[in-house]
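# Chains, contacts and geometry: an overview
Here is what each chain is made of, one letter per residue.
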Amino acid sequence: MGYKAKFRVWRGEGGEGRLEDFTVEVNEGEVVLDVIHRLQATQAPDLAVRWNCKAGKCGSCSMEINGKPRLGCMTRMSTFEESETITVTPLRTFPVIKDLVTDVSFNYQKAREIPSFTPPADVKPGEYRMQQVDVERSQEFRKCIECFMCQNVCHVIRDHEENKPNFAGPRYLMRIAELDMHPYDVAERKESAQEEHGLGYCNITKCCTEVCPEHIKITDNALIPMKERVVDRKYDPLVWLGSKIFKRQR
Amino acid sequence: MERHEYDVVVIGAGGAGLRAAIEARQQGKRTAIVCKSLFGKAHTVMAEGGAAAAMGNVNPSDNWMVHFRDTMRGGKFLNNWRMAELHAKEAPDRVWELEAWGALFDRTKDGKISQRNFGGHEYPRLAHVGDRTGLELIRTLQQRVVALQQEDEKLHGDPEAYIKVFAECTITRLLKDGDAISGAFGYWRETGDFIVFDAPAVVLATGGIGKSYVVTSNSWEYTGDGHALALLAGAKLINMEFIQFHPTGMVWPPSVRGILVTESVRGDGGVLRNSEGRRFMFDYIPDVFKDKYATTEEEADRWYNDQANNRRPPELLPRDEVARAINAEVKAGRGSPQGGVFLDVSSRLPAAEIIKRLPSMHHQFKELADVDITKEPMQVGPTCHYIMGGVEVDADTGAASVPGLFAAGEVSGGMHGSNRLGGNSLSDLLVFGRRAGAGAAAYVDGLPKRPTVTGVEEAKAEALAPLERTGGENPYEVHHELQRTMNDLVGIIRKSEEISEALEVIEKLKERARNTASSGSRIYNPGWHLALDLRNMLLVSECVAKAALMREESRGGHTRDDFPGMSAEWRRKLLVCSAEPDGTSITVEERVQQSMRGDLISLFERSELEKYLTEEELAEYDAAVKES
Amino acid sequence: MTQTTAESAARKQRAQIRVRTLRTDRWWLAPAFTFAGLLLFLIYGLWAIFDKSYFVDPYIAPFSSPCLATSCPEGARLFGLAPFGDWYTLPPGILILGLPGGFRLTCYYYRKAYYRSFWLSPPACAVAEPHGKYTGETRLPLILQNIHRYFFYFAIVIGLILTYDAVLALVHKPAGLGSWILLANAVLILCYTFGCHSCRHITAGRLNHFSRHPLRYKAWTLVSKLNARHQQFAWASLFSVMIADLYVRLVAKGVINFPFA
């Protein structure tokens, strides 16, 4: 049943730190977060880790396990060999507060830069009528649990800190797509997606989709459709010409 | 020390907290939201079913009166009827408002918000988004806060001018000026630095107490902070003996122990079996339900296809009955290897059908337990889910007995009586979140002058104590023992001797908790955080145990082995907990419940009320009916 | 929004882990295969363009169809036409190669494939890329990727021509293995073409009210199904076109000469 596993866990306050080795008991059916908690309870009471629901629904325990962004609560120990050394590090793209806890305020700042849902002024609460097919696309994006692993894995900011001011990241570009596809949203979002939120930085290499614990097809269903909508507005000469003529006629 | 001045401080950023903060800000108050987790991670995200609101989109016969009746019935008539009334009347507006803030509920064919059936609700009533309604609610409220901040940025150049989120910040004490609230004291989880809020009004929206139990569907945040803060500030808690245990939580693997397995598994054909393979629920049909539930497997199986001519399978008995039955089977040694019973749907439906009807359960078991529910049975057992009790508040304003203190959501008590209906918690958050926010704003408007903060040094000393002790108790061990005690001795089925034993253990644990020591620095130190939370969990556990010992009847979320019946006399009584300001001891007193208003009580049939009310109350009912 | 009170420099720093990745799996395998696959295609394409045995009645090699130059054999010409004059003496494949080539070059799937495997940007998820600067598709030349939909329009034409070639071959030689290979290739090419993200956008993706356009919505659902397998169709059609092309050329060269070839 139980065995002793070898763990290497990043310890340190701020960016300075090192990988510390631990040998810790693992029981059948446990996940990485359980083992981290056992370390806390037995060997390192001040080991910092962020967690909450333990069921993959809140998106708090994002960390990098053997170099891959994962939710600690959704990574079963049975997926590793007993002899394997498991390396656990904090998300790389954000500054470290302590141990496995990072400062994710970048994401909240980006959230505030996306204009909110803007319904027409004359629709009152209770009067909304929307068909299921029309809300389904945006509903998929609203499954997001904001674990920020897509933001963390995206090479645009992971490998290039300097792009942070100009790039909203997959989670918030998806938020733009969600609102742009909302049947009642009237705000302009295409031009600004490209000009202000950095949609053009995305080179659709799909790591956001790969790490999404909710299996949202971020790239195929949000980012690429949004890129196509931007093409309509900015790059397609025919659509552009058509809209000019149409506008003049009106 | 960091100090902030606000009009309203909301503690907790779940549904109730955010809705309260939005309301306070919309009334022009400078509002702070303080939460232990990151913004948007609150436990509300775990709610699956939906938000109950009598919009009548699916069945036009539905209205607030039907919803009110269902709620009172569910709570076995112990509910604060004024809260149940407001809740039933206002829930639709609160749900529609969310839609205007960007929520995307599932739709009916004619484009309205779709509503689903749920236990105890007469009509399809739960507005939902698949099985992630709680997440939708939190996200919508979170985005509404952001929208208000964007507005403030345009108006004042500072997004945080009127509403600011203090995430990963824990409040350890409410501060007072004489009798009234004057602020709150807490620490940043990140840095361990202290923070003082100078505010005349505080709204508690901290959720429940599940972390006092081993097996719970609640997250680590549910340490009863709001309950304890209110007690220590001099407010009263009511109905603390009523705790809802959900019959089917996962029992294996250990990491997910307690996580919910939705009721619809049983609704869609799942059956409960013990280790001998017997469908044991047939042995546990109580007499009052004998005519409504099938007595043979054949009849029960026919019900799924023909509900008109067959009685329901006993797996669909009310939550408390099923929980008790599972508990009894396990105690009798007929449990599954990991201490639950088997919930099997694999032998009942084809694999494709299971995946179609129960996608999230299939996913949950696959990802978390490596169990394919289309091939093998699940192991389930009861799990601590929700506390009906909480801060005693005024129904209309959410005001507690301490001036300046307000409460909403799970931390407040009364609305759900002795048992909460599924779907009523999300609507509760919205209705009473808004009312508490408005109540706090009105209270601030009516104040002649701002109160002054006192007691900061004492609060600071209390918070630093675990770090300054060396060689004391390990807080994790104390916590673990408390959880085991509550689970084993004040769990689903309670007995006088066991509760008394639990109270003795709690006394000892209180002593040990005063001696806990946490090593390491103040920067993000979970050992220290737990040592501080222990005070709250112990206070709340003591309330639960003492109230449970006093109430000598079984009703809703309180089952006494030694008093199995429901008593009309006890229905009139609420148990009210209060604490010494230093938190050393809890007193529980009886209080007579106010009689229901005439127009509300006459919504019920006499024959139904006879099961619950005393003769005296029935006479009042007859008078009310005559009058109307 | 999380307020950080300590403002020291260390607190603003990421974890200083000085290795490119801590991944322990064989993350380099997928980009290596992609690199090899695409390289093989490029080399084969280059050879095929200059190879003259692209026609053997009734088969025309897909790399050289439509054949529009006067140098094309009578039977290879599309509808018997040769719109380019005698002045054009280069291999006829070059005339049309830019269209399917451009379609694949600007395709959202292939972009992922070659950004990862050729440009290593990034080579795999959570593996640092070797470049000091990155601007993505925000400026020239990569901003030109946005004209993908025009290549899609042409790709439909090419796809239909290949289908026409296959049907024609099938009519003339129903028992010929080549006819069936050409048909299979045409089907895969069409599946790849119509599963294109631009196609998905054009059918109904650009609309906000599916319910008001039931036919376009129906088309969108079909395209979405193909689109979900776009990567698989991209590879399947890449190999099918190479195989079909090589097959025709080998038949033309007489290397393959069994009765039902």
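Just so it is clear, the structure is predicted and the values come from calculations on it, not from any experiment.

When its domains are assigned, chain B resolves into domain 1 (243-385) and domain 2 (598-627). One C-alpha centre belongs to domain 1 of chain B, the other to domain 2 of chain B, and the line joining them spans 37 Å.

Here we come to the sheet that holds strand β17 (residues 390-392) of chain B. With mixed pairing, the 5 strands of this open sheet are ordered in space as β19-β17-β12-β22-β23 (chain B). The strands lining the two open edges of the sheet, one partner per strand, are β19 (412-413) and β23 (586-592) of chain B.

Our focus in this paragraph is unusual backbone geometry. Omega for the bond connecting Trp252 of chain B with Pro253 of chain B falls within 30 degrees of zero, at -5°, which places this linkage in the cis form. Here Pro253 of chain B shows up in the loop between β13 (243-250) and α6 (264-267). Cis rather than trans, the peptide bond between Ser65 of chain C and Pro66 of chain C has omega equal to 0°. In this fold, Pro66 of chain C is placed in the loop between β2 (59-60) and α2 (93-105).

On to the domain arrangement of chain A. Its domain assignment divides chain A into domain 1 (3-102) and domain 2 (105-249). Residue-level contacts link 12 residues of domain 1 of chain A with 13 residues of domain 2 of chain A.

The next thing to look at is helix α4 (residues 133-156) of chain B. Taking 1.5 Å of rise per residue, 24 residues should cover 34 Å, and α4 of chain B covers 34 Å from first to last C-alpha, within 8% of that figure. Downstream of α4 of chain B by a residue or two, Gly157 of chain B has a phi angle that is positive, lying close to 75°.

This part takes up the interface of chain B and chain A. Contacts between the two partners involve 52 residues from chain B and, on the opposite side, 51 residues from chain A. When contributions to the side of chain B that touches chain A are tallied by element, the ones reaching two or more residues are α3 (81-100), α4, α10 (359-369) and α15 (526-550) of chain B. If you tally residues by element for the side of chain B that touches chain A, the top one is α4 of chain B, at 8 residues. Here the residues of the side of chain B that touches chain A sort into 24 nonpolar, 15 polar and 13 charged.

Accessible area lost during the coming together of the parts is what is often quoted as the interface size. Facing the 46 residues of chain C at the interface are 51 residues of chain A. With 5 residues, the top contributor of residues to the side of chain C that touches chain A is helix α3 (residues 108-117) of chain C. When grouped by side-chain class, the residues that make up the side of chain C that touches chain A number 16 nonpolar, 19 polar and 11 charged.

Further remarks concern the nonpolar core. Of all hydrophobic cores here, the largest spans 326 residues; its most connected members are Leu173 of chain A together with Val202, Val203 and Phe406 of chain B. The element best represented in this core is α15 of chain B, accounting for 15 residues. Residues in contact with Val203 of chain B, not counting those within four places in the same chain, are Val8, Val10, Ile11, Ala20, Phe406, Ala407, Ala408, Ala436, Gly437 and Ala440 of chain B.

Per-chain confidence: chain B averages 93 in pLDDT, with 100% of residues scoring 70 or above. Here the predicted complex carries an ipTM of 0.94, next to a pTM of 0.93.

Glancing now at the environment of His529 of chain B. Its place among the elements puts His529 of chain B in helix α15. For His529 of chain B, the residues in contact, after removing those within four places along its chain, are Thr170 and Arg189 of chain B.

What follows covers the pairing of strand β8 (residues 169-177) of chain B. Residues and elements named next belong to chain B. Of all 9 residues in β8, 8 are buried; the element is thus mostly enclosed. Two strands pair when backbone bridges link them, and β8 and strand β9 (residues 180-188) are joined in this way by 8 bridges, in the antiparallel orientation. Pairing of Cys169 across the sheet is with Trp188, part of β9. Joining the antiparallel neighbours β8 and β9 is a turn of 2 residues, in which Gly178 adopts a positive phi near 65°.

What counts and what doesn't
Residues numbered from 1 in each chain as written. Chains lettered and ligands numbered in written order. Predicted model: local features only at pLDDT ≥ 70, side-chain atom pairs only at ≥ 80, totals over all residues. Domains from an automatic or database assignment. Pairing = 2+ DSSP bridges. Helix = DSSP H or I, 4+ residues; strand = E, 2+ residues; numbered from the N terminus. Contact = placed C-beta atoms within 7 Å. Expected span 1.5 Å × (residues − 1). Nonpolar A, V, L, I, M, F, W, Y, C, P; charged D, E, K, R; others polar. Core = buried A, V, L, I, M, F, W, Y, C linked by C-beta atoms within 7 Å. Buried ≥ 20, exposed ≤ 12 C-beta atoms within 10 Å, placed from the backbone. pLDDT = per-residue confidence, 0-100.

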